Amino acid sequence: MEKFGIGQGIRRHEDFRFLSGKGTYIDDITHDGMVHAVVVRSPHAHAKIVAIEAQSAMAMPGVLLIVTGEDWTREGFGTMPTKSAVQKKIDGTPLNQPPRHALAIDTARYVGEPVALVVAETEMQAVDAAEALDIDYDELDAVVDPVKALAPGAPQLWDDIPGNFCLDFELGDKDGTQAAFASADHVVSLAIENNRVTAVPLETRGAIASYDPETENYLLENATQNVHANRATFAGDVLNIPEEQLHHIAPDVGGGFGAKNSAYGEPALILYAAKRTGRPVKWINQRGESFLSDTHGRGQLSTVELALDKDGTFRALRTSTIGGIGCYCWTVGPFTPSGGAARTQGGPYNFPAMYYSSKVAFTNTAPMDPYRGAGRPEASFQTERIIDYAARTLGFDPVELRRRNLMTPDMLPRKTPMGLDVDSGNFPEVFDRTLAMSDRAGYRARVAASAEKGIRRGFAIAPYMECTGGGPKEFAGVDFGRDGTVTLRVGSQSTGMGHETSMPQILAAELGIDFDRVTYVQGDTEATPIGGGHGGSRNLEVGGNAVLQAAREITAKGKRIAAHLLNSNEDDIDFADGAFKDVKTGQSIAMDDVIEASFETGRLPEAMDPGCLDTGTVYEREIITIPNGCHAAEVEVDPETGAVRVERFWAVDDFGKIINPLLADGQVMGGVAQGLGQALLEEIVYDEDSGQLLTGSLMDYALPRADDLPEMKIAYFEDAPTAKNPLGVKGAGEAGCCGAPPAIVNAVIDALAPDGVRHIEMPLTPEKVWRAIASAR
Amino acid sequence: MYEFQYHRPESLDEAAKIFAGADDPKFLAGGMTMIPVMKQRLAMPSDIIDLSRIGELTGLSAGAGMVTIGAMTPHAEVAGSKEVEKAIPALAALAGGIGDPAVRNRGTIGGSIANNDPSADYPAAVLGLNATVHTTARDIAADAFFTDMFETALEDDELITRVSFPAPEKAAYAKFANPASRYATAGVFVAKTATGIRVAVTGAGACVFRVEAMEQALSKDFSPGALDGIAVPADELNADIHASAEYRSHLIGVLARRAVLQTG
């Protein structure tokens, strides 16, 4: 029993299925009579759709249906509204929100925007007809850069939204920050870009829609992170049907990272196609389409300013950002460059004053929505880069400057100037442990060894503090079978994080039953009444606590049954190690006996019915938690070519209670890999004039590969528990993206400090590094 | 992909007959370029003639100062060959650095040089080692084989059968890989051969090319320092989102010196 307890590194239950090719992803599913849909996407960044001549394509072999914007308008389908947590401009008026339909109605506003859907008997027939579809476009000027989009004279994306302006935003104490800047000994300022990236999940987006004319019910099997919220959009906003008529399932989903959070247009299109054709309709994005049409992330241009005293004490932090979000608000596009990046400004440092402001622009690019961290990695990078830059330009030791300004435990709990409720954490201790782990004693020798080879070596440490997010409520249901099986249903959802292991682990440990007996069900609107899906590192924090709550409700019921069976007072019953025990008589009864009794009327107390242990419960978070930690990197830089290699990496993370260290390690490693990608390799590039995507394949978009990654040493700090939730967890999913980019970038700057290099924008490609060295000389 | 007829002949004669009788045929070697191009519908051959079953195109031999590699030999086989490793270690190392394991196990030397991608690695070895390309029609010297971007001296119906590499006194290949594709952003093959010093550059220009100034300098003094001050002008080089022409010009210098150093 112990080996499946909380805190044990159980190997993933789902691994065998995934690693042996037995997973069920969308493209593995086939239905009788299934037909195939292909999305026709705009080849232009901005163009009027003058006419679509569908007749000849319709006449091609096997073609069943062609859907255009005209059809969509005629059907009267609704638009998909933004769910951004920030909905107002600074002046209190609502943000500017263009109507977002499932496909372009009369104007296409980015390369890859759906313009039509072609459905045919076979995929090849659909591809042929899509290619033959005659669309007359009238090309318009495009703007992809958010700064240019906001400038006077820029091409206008929407007639009724002047200046491509979505919203402006501010948070913090503007005047107090201004005063601190005015009276500080030093002020440093730096323009910092968070490069635009995309998630590239292993499984591209795809879905199958079916329609039953008798019941008028739809079934949507979809590679999504969020069945409940997206059902609400597809059913309520688009199709105008009651939610119950749309059964939304996410089978195994091969990665999401935020890019599968939102309600995209394509599933809505095939739902309609399924009804029109009377056939199940499958649509699978190709990889190239994925680059064009998946939501992107980051893409923020900021000016970051730090005010500090001559002894190095931080006085204030001020960040002003411009973010481009594509031509729509999408699902939560406006939030990331506003509230998302604002909240965790300043990281774990003691800032008396902070102020964040931003402007959000519409651009002729793919939409922006959350990408692993959604604003927190941006904030962490901005904070750590400006601190590092201040240390370099003012002559402070970068490690010492950080250490002296960290919030100390005696300052907690506190609300940061950004309104973040920091209840727990020991930032200096986590910092010191990271330093200790990273073998500073051996550093000089490693620098010398690198120098032997003509290589520069650098080190940087990056403490971070972030927060969880996503839906605040979660459902957990537990059903007991007479055969001893236990089914656990939860509304949060895994796209590869291992919920099938960690969630049953919590239930099994709490109930004292065998882990292998638990069957896990997720990603199904009929399995749970509500569900928050995946996002914001919320699963253990919200879903895990729902499981714990369900388990505790079950053991409470179990106590009543045990008391009845043992002829005891309920108050005298203790539950521990899988058994109910009368503390007075010493008599005990095993959980399994209680479960068995729960099916038999004769063995139950009067008020209880057979099956009474089945439990469904909703847990609601009150306040988001504060995952934090400290990452450190050692890099080698080849000054001749500019190539960077991350040589060593250390992480000490405070995720609160660790449920499964093996899965936590996976989260850290994956996050660090994506952070390394952003720091060194990845960047979505659009052509400035044409708005064409230049990084439209894996030949041009550089994802990190296994051999780009260093060996990582990972440890956890569990000595600053949070009381914000019963499980004591803080969230683990996005931390790597917060810690890795500043650790890696600042380590490169450290390596090149002797050359006089002070700043290089991400990604630190070899040519950029080489040029920085050359221009610093 | 568009529809096409698929053939898998077992001899060169059979392949030639199919080719002659087809409308717009294409030969398929490892398919590392052809298949992605077809999947994206950028090519519409009427017939695909898969060469994988033709015994005459396989085999690898080394001896008498010569390594001969059948056109359909995958990169991994060259990289893993003890004979190649012994005769021309730089060639084995180059093959072992192409793409990734999947590419190295599917991609072939014949396919690579017939395609003549400006960023491919093999053309640098063929040109740098002064190899001979044997075809169904003739023998072509390396210097005459690569003509322009994705262009070679091959006729449409002409197939590479094997490539023979004379073993050099010493040689090395230094590559700076594109982090996304792992093709060469720039790659320099330096060889000291019986007929003189050869320096071949791939990845940087429209097509693999030799750098005479470097060859002459190294002929006088085979040391990295001999290359100081010799640069390939940026205006002759490629520029894309991964690397400017100026950076490529710089890389050629760095890689050439490293290759000389690596030859030991």
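Since this is a predicted model, take the numbers as computed values, not measurements.

**Here we look at the nonpolar core**
Okay, so step 1: If you look at the biggest cluster of nonpolar residues, it comprises 125 residues, and the most contacted ones within it are Leu306, Ile386, Val635, Phe649, Leu680, Ile744 and Ile760 of chain A.
Okay, so step 2: Two domains each donate at least three residues to this core, and these are domain 1 (26-143 + 204-292) and domain 2 (423-468 + 624-777) of chain A.
Okay, so step 3: Every residue in contact with isoleucine 760 of chain A, bar those within four places of it in the chain, is listed here: Val745, Val748, Ile749, Leu752, Lys768, Val769 and Ala772 of chain A.
Okay, so step 4: Core analysis: the second largest hydrophobic core is formed by 52 residues, Leu60, Ala71, Val84 and Ala95 of chain B among them.

**Re the domain arrangement of chain A**
Residue and element names in this part refer to chain A.
Okay, so step 1: Segmenting chain A into domains produces domain 1 (26-143 + 204-292), domain 2 (423-468 + 624-777) and domain 3 (470-620).
Okay, so step 2: Domain 1 and domain 2 are separated by 37 Å when their C-alpha centres are compared.
Okay, so step 3: Listed as interface residues are 10 residues of domain 1 and, on the opposing side, 13 residues of domain 2.
Okay, so step 4: Taking both partners together, domain 1 and domain 2 bury about 750 Å²; carbon and sulfur atoms supply 60% of that area.

**Points about the pattern of salt bridges**
Residue and element names in this part refer to chain A.
Okay, so step 1: Counted by the stated rule, this structure contains 62 salt bridges over all chains.
Okay, so step 2: The shortest N-O distance in the salt bridge between glutamate 203 and lysine 260 comes to 3.4 Å. Within this pair, whereas glutamate 203 is found in the loop between β8 (186-198) and β9 (206-212), its partner lysine 260 is found in the loop between β11 (246-249) and α8 (265-277), the two being separated by 57 residues in sequence.
Okay, so step 3: A salt bridge links arginine 446 to aspartate 439; its shortest N-O distance comes to 2.6 Å.
Okay, so step 4: Overall, the relative accessible area of 33% leaves aspartate 439 in the partly exposed class.

**Some details on the domain arrangement of chain B**
Residue and element names in this part refer to chain B.
Okay, so step 1: Domain boundaries in chain B define domain 1 (5-50) and domain 2 (58-262).
Okay, so step 2: Measuring from the centre of the C-alpha atoms in domain 1 to the corresponding centre in domain 2 gives 26 Å.
Okay, so step 3: Contacts between the two partners involve 7 residues from domain 1 and, on the opposite side, 13 residues from domain 2.
Okay, so step 4: Contact between domain 1 and domain 2 buries roughly 840 Å² in total, counting both sides, with carbon and sulfur atoms accounting for 76%.

**Some words on helix α6 (residues 174-183) of chain A**
Residues and elements named next belong to chain A.
Okay, so step 1: When α6 is considered as a whole, its buried residues turn out to be Thr177, Ala180 and Phe181. Buried residues of α6 fall within an arc of 100° about the axis and therefore sit on the same side. Exposed side of α6, more than 90 degrees from the buried face: Asp175 and Ala182 are the residues found there.
Okay, so step 2: Where α6 is buried, its residues contact β8, β13 (296-308), β14 (314-324) and β15 (353-361).
Okay, so step 3: A side-chain oxygen of the first residue of α6 lies 3.4 Å from the backbone nitrogen of aspartate 175; this N-cap is aspartate 173.

Cut-offs and rules
Residues numbered from 1 in each chain as written. Chains lettered and ligands numbered in written order. Predicted model: local features only at pLDDT ≥ 70, side-chain atom pairs only at ≥ 80, totals over all residues. Heavy atoms only, no water. Core = buried A, V, L, I, M, F, W, Y, C linked by side-chain atoms within 4.5 Å. Buried < 20%, exposed > 50% of the residue type's maximum accessible area, 1.4 Å probe, protein only. Domains from an automatic or database assignment. Contact = heavy atoms within 4.5 Å. Buried area = accessible area lost by both parts, 1.4 Å probe. Salt bridge = Lys/Arg side-chain N within 4 Å of Asp/Glu carboxyl O. Helix = DSSP H or I, 4+ residues; strand = E, 2+ residues; numbered from the N terminus. Arc of directions from axis to C-beta. Polar contact = N/O pair within 3.5 Å; in protein donor to acceptor, adjacent residues only side chain to side chain.

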